[in-house]
Amino acid sequence: MKLSLVTYPDTRLRETCSPVESFNGELRELTDAMLQFMIERNGVGLAGPQVGVIKRLFVCNITGEPDDNQVYINPELVDLVGAAEGEEGCLSIPGINVPVRRAERATIRAYDVEGNPIEHTAEGLLARVW
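Calculation criteria
Residues numbered from 1 in each chain as written. Predicted model: local features only at pLDDT ≥ 70, side-chain atom pairs only at ≥ 80, totals over all residues. Heavy atoms only, no water. Pairing = 2+ DSSP bridges. Helix = DSSP H or I, 4+ residues; strand = E, 2+ residues; numbered from the N terminus. Axes fitted to C-alpha atoms, helices over the stretch in contact; angles between N-to-C directions. Contact = heavy atoms within 4.5 Å. Phe/Tyr/Trp six-rings, centres within 6.5 Å; stacked < 30°, edge-to-face > 60°. Buried < 20%, exposed > 50% of the residue type's maximum accessible area, 1.4 Å probe, protein only.

1. Some thoughts on the sheet that holds strand β1 (residues 45-47)
Ordered in space as β1-β2-β3-β6-β7, the 5 strands form an open sheet in which the pairing is antiparallel. At either margin of the open sheet sits one strand with a lone partner, and together these are β1 and β7 (117-123). Adjacent strand axes in the sheet meet at a mean angle of 40°, parallel and antiparallel pairs treated alike. Taken together, the 7 bridges between strand β6 (residues 105-111) and β7 define a ladder with antiparallel strand orientation. When the sheet's bridge partners are listed, Ile108 is paired in β7 with His120. Each of β1, β2 (57-60) and β3 (70-81) is contacted by helix α1 (residues 25-40), which is oriented at about 45° to β2, the strand it contacts most.

Given below as structure tokens:
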């Protein structure tokens, strides 16, 4: 599957995403391609709209190790705790890094690529990426 990066100021980056409703081979192919795309560009997170897919999904990997690939379908952040400022960049806004204030700890509720519900809590960089 060939993906291309959507960059600012493309309006797709501001569209409201619709929920993913079909958990099938096509979804797995998309998320696998997104992970590969993100890793090739040295990113740690990539959302559907960044590759022109206006659906509620994103992938991430903060270590670069294949076993740490994560896929979140229809994610919801809950129990945000604390606040910390850190410098961030975005693949869709190349060459720009700015300080951003984010929760220090977060819980995410979502579905995996098979449609199974998942819930994880993280601190630091992973919470920031979510």
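2. Topic: the packing of aromatic side chains
Here the structure, examined in full by the defined rule, presents 3 aromatic pairs. Note on Phe58 and Tyr72: the rings are 5.1 Å apart at their centroids and 25° apart in plane angle, and the pair reads as stacked. Of the two residues, Phe58 sits in strand β2 while Tyr72 sits in strand β3, which places them 14 residues apart along the sequence. When sorted by exposure, Phe58 lands in the same class as Tyr72, which is buried. When the ring of Tyr72 is compared with that of Trp130, the centres are 5.9 Å apart and the planes differ by 70°; the resulting orientation is edge-to-face. A residue pair is termed long-range when its members are at least 10 positions apart, and Tyr72 in strand β3 and Trp130 in the segment after α2 (124-129) qualify at 58 residues. Both residues of the pair, Tyr72 and Trp130, belong to the buried class.

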